[in-house]
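Commentary on secondary and tertiary structure
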Amino acid sequence: MRSKSYLYLQLKLTQLGWPPRSRTGKFAFFVLGVDLALFLLQKLLQVSHLSNGSTLGGWISFLAVLSVALFLWLGFLWLRSKLLWRLRNRLIVTYVFIGVIPLVLLITLTLTTFYLFAGQFATYIVTSGVQSELRGLEAANSTIAHDLAAQVSRGGASSAVLQGLKNNDETWADRQVTAWFNGKLVMNSAPAGTAGVEPALPGFLKPPFRDVVRDRGRLYLRVAETLPTQRGSLTVLSSEPFDQQMLEHLAANLGEITLYTSGFNVRKLDDSDKAGAPNRQSGVRVRKPEGDYVLETGKQPPVPAYTAGTIPPSEGRLDRNVTFATSIFVVDWQTGETNSPAAVSVQTRMSVLYDRLFAALGDFAPAIEFALIAMAIVFAVIELIALLIGVRLTRTITGSVASLYRATQRVNRGDFSHRIDVQSADQLATLETSFNSMTASLERLMAEQKEKQRLENELVIAQEVQAQLFPKEISQLQSLEVHGFCRPARTVSGDYYDFLGMNSERLILAVGDVSGKGISAALLMATIHSAVRAYSMEAAPTASVPVGVGAAAGAHLMTSFGPPDTDISPAALLSLLNHQLYESTPEEKYATLFLGMYDGLSRTIHYSNGGHLPPIILGRDGSIRRLEAGGMVIGLFDNLSFEEGSVQLESGDIFLAYSDGVTEPENEFGEFGEQRLIDLVRENQDLSLVQMSEVVTAAVDDWIGGNEQPDDITLVLARAR
């Protein structure tokens, strides 16, 4: 029970990736182990009061951070392997990186740009309002200057024009106009409460002048103009305070405006800034016609001087608040420098900016608004269609891959009948069709393999049956020793040989070759074998039982049957066999057959050759006799007659019969040939017949080499004693 629990725990740990196999995993656990060991050592030192363990604190922290980083990396790898295993997840991640992230970045960039544009437009409204006030003040100052110049030329100075402006325009109640003629103050029209305070005429002033200035800690809109007269030079200076009242005027129909009059400084960029000098403080770059400047805050945070207006109410969810700031360059009235600018912060709504932006378009504004909304709707529809198409394509791809994966699993389990349902007409569908074709081919191949296996099993059985037809235990005659050998080119053979003993002194020798190879030739060979034995028994009616010399199981010793002079004609047997084969086999089937009757008393072979390669008698004296008497092949034509011949054997003569599988094999030197066979037998005539057949077959094998055996090899040897 404990063993099963241990194996189950080990399996679970293996599934969770323990122990780690990667170098990163092993290193991560090693670092964690070292960190825990140092932590326990530190606690042990603190408990034992041997040390406070502070020296180990740095290492513990470092190793803890390192182990956390390593485990985060391992977690990322594990999550990636789990999430990105499926093709669908990979495609989703690909679409996210290709389509979603760029779209999000583009939308973010668009919204950021739109927000910056809205903020810039809001501050532009304020700064353009300030410039509009300056231009209006400049125009009025020019009118006053020309009127005073005309009066001075006539010898007097009156503020009638200025008084008329104050009476007609309430904004002139806070404006101050000062005039100098040849450097002497001739007029100072100050607002109520500021009488007697006259602005100084600075040395840097070179009229015409129009700008925001800082004088005595306060901001003013100030313009100046100098006109020459017949009596001298007239300089007129108009000034309006940049205060709460002006902010209220600027904030009307816009939003909340906050003015910061101090807390900023500005400096002009020099060559060291352009080269990126590290000792320079960073800030916001501002470009002016006279050069680039950097706007920086001082050590103290800016403090708002005035705040005017309120943030308009929202007209909907998309009507977001816009907050933006800009700087206003301020001229120091005493020095003429512009190193202490003011800042303006604007808070408004998108709807207010939209109304201000399209106010000048009049009746065209709704048309432009409709066009923009229509474009947004069209783009949204296109994006939705693209999304749907992408999802559909993803489903098509992943569905095909999933179908292929399930199909491979079925095939892996041996189910070759499974087919994929092809539902599209693309390359993946072609792949699925190809897979179906492959499984169909595999199914046919497996069926053919099973059929081939069945046929091979049957051929093995046929080989075993055929092997029983060839003589195995041969009982030699007193005057003749015999030996036969057959090696099929395939599983079964179409060659035939047999030794059929009639009595102790008489023996039938049969050698044949059936046309073709394989199972059909083997069946015809079995037919010839059975017919030869049957007709031999009919030709010896006085015999009790003819004995096959080693042909049948249970045949041991030769039994005498029939009188010695019983005659069995080989030619008659060939005629009978020819008629039977002609009647029972197709037209294209035939066989060659040599039949010989050896009589041991006369040492004579009576034979007839039905188209077989003529057997050879190799005499002891070196003579060669070929046994050619007979006729043509059997089974091809009916009503054939065969000649019969005889040959007498002397002691030591060798009878040699063979099939064309011995003499016809070829290599680059030509055929093996009959003469080479004869020479081999002569050279080894003193060996036993078994050894002699082994020498011949070995020579044939050497001649064939690595090539396939082209035909059945059959060799029959007999030697007279």
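Residues numbered from 1 in each chain as written. Predicted model: local features only at pLDDT ≥ 70, side-chain atom pairs only at ≥ 80, totals over all residues. Heavy atoms only, no water.

Counting its secondary structure elements, the chain contains 15 helices and 27 strands. Residue burial in the chain is summarised as follows: out of 721 residues, 39% are buried. Looking at the chain alone, contacts between residues at least 24 apart form 68% of all its contacts between residues at least 6 apart. Entry remark: accessible area of the chain is about 41200 Å², with carbon and sulfur atoms responsible for 59%. (Helix = DSSP H or I, 4+ residues; strand = E, 2+ residues; numbered from the N terminus. Buried < 20%, exposed > 50% of the residue type's maximum accessible area, 1.4 Å probe, protein only. Contact = heavy atoms within 4.5 Å. Areas by Shrake-Rupley, 256 points an atom, 1.4 Å probe, with all protein chains shown as cover.)

Below, the discussion takes up the packing of helix H2 (residues 23-47) against helix H3 (residues 54-83). For any two helices packed against each other, the geometry comes down to the angle between their axes and how far apart the axes lie. Interaxial distance between H2 and H3 falls to 9 Å at its minimum, and their mutual angle equals 150°. In terms of axis orientation, H2 runs roughly antiparallel to H3. For the element pair H2 and H3, the recorded crossing hand is left-handed. Here the residues of the contact of H2 with H3 sort into 20 nonpolar, five polar and one charged. (Axes fitted to C-alpha atoms, helices over the stretch in contact; angles between N-to-C directions. Parallel < 35°, antiparallel > 145°, perpendicular 65-115°, else oblique. Left-handed = near helix turned anticlockwise from the far one by under 90°. Nonpolar A, V, L, I, M, F, W, Y, C, P; charged D, E, K, R; others polar.)

The strands making up a sheet associate through hydrogen bonds between their backbones, and the pairing can be parallel or antiparallel. Read from one edge to the other, the open sheet built from four strands follows the order S10-S6-S13-S11, with strand pairing classed as antiparallel. Among the strands making up the open sheet, the edge pair consists of strand S10 (306-308) and strand S11 (321-328). Each adjacent strand pair in this sheet contributes to an overall mean axis angle of 15°, direction not counted. Both strand S6 (residues 256-260) and strand S13 (residues 342-349) contribute to a ladder of five bridges, which runs antiparallel. Counterpart to threonine 258 in the pairing with S13 is serine 345. Across the face of the sheet, helix H4 (residues 87-153) comes into contact with S6, S11 and S13 while running at roughly 50° to S11. Its contacts with the sheet place helix H6 (residues 244-251) against S6 and S10, and it is angled at close to 30° to S10. (Pairing = 2+ DSSP bridges.)

Let's shift gears to the pattern of salt bridges. Applying the stated criterion to the full structure yields 14 salt bridges. Notably, a salt bridge pairs aspartate 415 with arginine 410, separated by 2.8 Å at the nearest N-O pair. Of the residues examined, aspartate 415 reaches a relative accessible area of 22% and is grouped as partly exposed. Among the charged side chains, a network of salt bridges with common partners joins Glu133, Arg175 and Glu240. (Salt bridge = Lys/Arg side-chain N within 4 Å of Asp/Glu carboxyl O.)

Moving on, we come to the nonpolar core. Formed by 50 residues in total, the largest nonpolar core has its most connected members in Leu480, Ile528, Leu577, Leu593, Leu595, Ile634 and Phe655. Counting residues per element, this core draws most heavily on helix H11 (residues 518-538), at seven residues. If we ignore the near neighbours within four places in the chain, the residues touching leucine 480 are Leu507, Tyr598, Leu649, Ala718, Arg719, Ala720 and Arg721. Leu134, Met187, Val223 and Leu234 belong to the second largest nonpolar core, which has 44 residues in total. (Core = buried A, V, L, I, M, F, W, Y, C linked by side-chain atoms within 4.5 Å.)

Its place among the elements puts glutamate 240 in strand S5 (residues 233-241). For glutamate 240, the residues in contact, after removing those within four places along its chain, are Glu133, Leu137, Arg175, Tyr220, Leu221 and Met246.

Before going further, it helps to examine the packing of aromatic side chains. Here a ring pair, both rings aromatic, is described through the centre-centre distance and the interplanar angle of the planes. Tallied over the entire structure, the rule returns twelve aromatic pairs. Taken together, a centroid distance of 6.0 Å and an interplanar angle of 85° make the contact between phenylalanine 204 and tryptophan 333 edge-to-face. Placement of the pair is phenylalanine 204 in the loop between strand S2 (184-189) and strand S3 (209-215) and tryptophan 333 in the loop between strand S12 (331-332) and S13, with a sequence separation of 129 residues. Exposure remark for phenylalanine 204: the relative accessible area of 26% places this residue in the partly exposed category. Aromatic pair phenylalanine 594 and phenylalanine 655: ring centres 5.9 Å apart, planes at 35°, arrangement tilted. A residue pair is termed long-range when its members are at least 10 positions apart, and phenylalanine 594 in strand S18 (residues 591-599) and phenylalanine 655 in strand S24 (residues 654-658) qualify at 61 residues. Phenylalanine 655 shares its class with phenylalanine 594; the two are buried. A network of ring pairs unites the aromatic residues Phe204, Phe209 and Trp333 as a single cluster. If you follow arginine 222 out to its NZ or CZ, it ends over the ring of tryptophan 333, 4.6 Å from the centre. Just above the ring of tryptophan 703 sits the side chain of arginine 676; from NZ or CZ to the centre is 4.2 Å. (Phe/Tyr/Trp six-rings, centres within 6.5 Å; stacked < 30°, edge-to-face > 60°. Lys NZ or Arg CZ within 6 Å of the ring centre and 35° of its normal.)

Listed in full, the buried residues belonging to H6 are Met246, Leu247, Leu250 and Ala251. The buried residues of H6 occupy an angular sector of 135° when the element is viewed end-on, so they sit on one face. At the C-terminal side of H6, asparagine 253 shows a positive phi close to 60°. (Arc of directions from axis to C-beta.)

Note that predicted coordinates carrying low pLDDT should not be read in detail. Mean pLDDT over the chain works out to 80, with 84% of the residues at or above the 70 mark. Considering only residues more than four positions removed or in separate chains, one finds that residues 277-281, a stretch of pLDDT under 50, has eight contacts. Across residues 541-566 the pLDDT falls below 50, and counting only partners more than four positions away or on other chains, this stretch makes 63 contacts in the model. (pLDDT = per-residue confidence, 0-100.)

For helix H15 (residues 689-704), which comprises 16 residues, the first-to-last C-alpha distance of 23 Å matches the rise-based estimate of 22 Å (1.5 Å per residue) to within 8%. A positive phi of about 75° marks glycine 705, the residue just after H15. (Expected span 1.5 Å × (residues − 1).)

With that out of the way, let us pick up the environment of valine 411. With respect to the secondary-structure elements, valine 411 resides in helix H9 (residues 364-412). In this structure the C-alpha to C-alpha distance between valine 411 and leucine 442, which are 31 residues apart in sequence, comes to 9.5 Å.

This part is about the side chain of aspartate 35. You can see aspartate 35 is positioned in helix H2. With residues near it in sequence (within four places) discarded, aspartate 35 still touches Trp59, Ile60, Leu63 and Ala64.

Turning to the packing of H4 against helix H8 (residues 350-358), a few remarks are in order. One way to put it is that H4 packs onto H8 with a least axis distance of 10 Å and a crossing angle of 65°. Our pair here, H4 against H8, has a crossing hand that is left-handed. Contacts from Phe114, Tyr115, Phe117, Ala118, Phe121, Ala122 and Ile125 in H4 reach Met350, Leu353, Arg356 and Leu357 in H8. Residue classes in the contact of H4 with H8 are distributed as ten nonpolar, no polar and one charged.

Bringing the sheet that holds S12 into the picture now. Strand order in the open sheet formed by six strands is S2-S1-S5-S4-S3-S12, and the pairing between neighbours is mixed. Here the strands that pair on one side only, and so sit at the sheet edges, are S2 and S12. Across two bridges, S3 lies against S12 in parallel orientation. Counterpart to arginine 214 in the pairing with S12 is aspartate 332.

Before going further, it helps to spend a moment on a nonpolar patch on the surface. A surface patch of nonpolar side chains, about 770 Å² in accessible area, is lined by Ile92, Val93, Val96, Phe97, Ile98, Val100, Ile101, Val104 and Leu105. Positionally, phenylalanine 97 belongs in helix H4. Overall, the relative accessible area of 57% leaves phenylalanine 97 in the exposed class. (Patch = residues over 30% accessible without salt bridge, like charges linked within 9 Å, V, L, I, M, F, W, Y side chains within 5 Å.)

Bringing unusual backbone geometry into the picture now. Of the consecutive residues proline 207 and proline 208, the connecting peptide bond is found in the cis state with omega at 5°. Mapped onto the elements, proline 208 comes out in the loop between S2 and S3. One non-glycine residue, arginine 216, lies in positive phi territory at about 55°. Within the secondary structure layout, arginine 216 lies in the loop between S3 and strand S4 (218-228). In this model, arginine 603 sits at a positive phi of 55°, which is unusual for a non-glycine residue. Within the secondary structure, arginine 603 is located in the loop between S18 and strand S19 (604-610). Of the residues examined, arginine 603 reaches a relative accessible area of 22% and is grouped as partly exposed.

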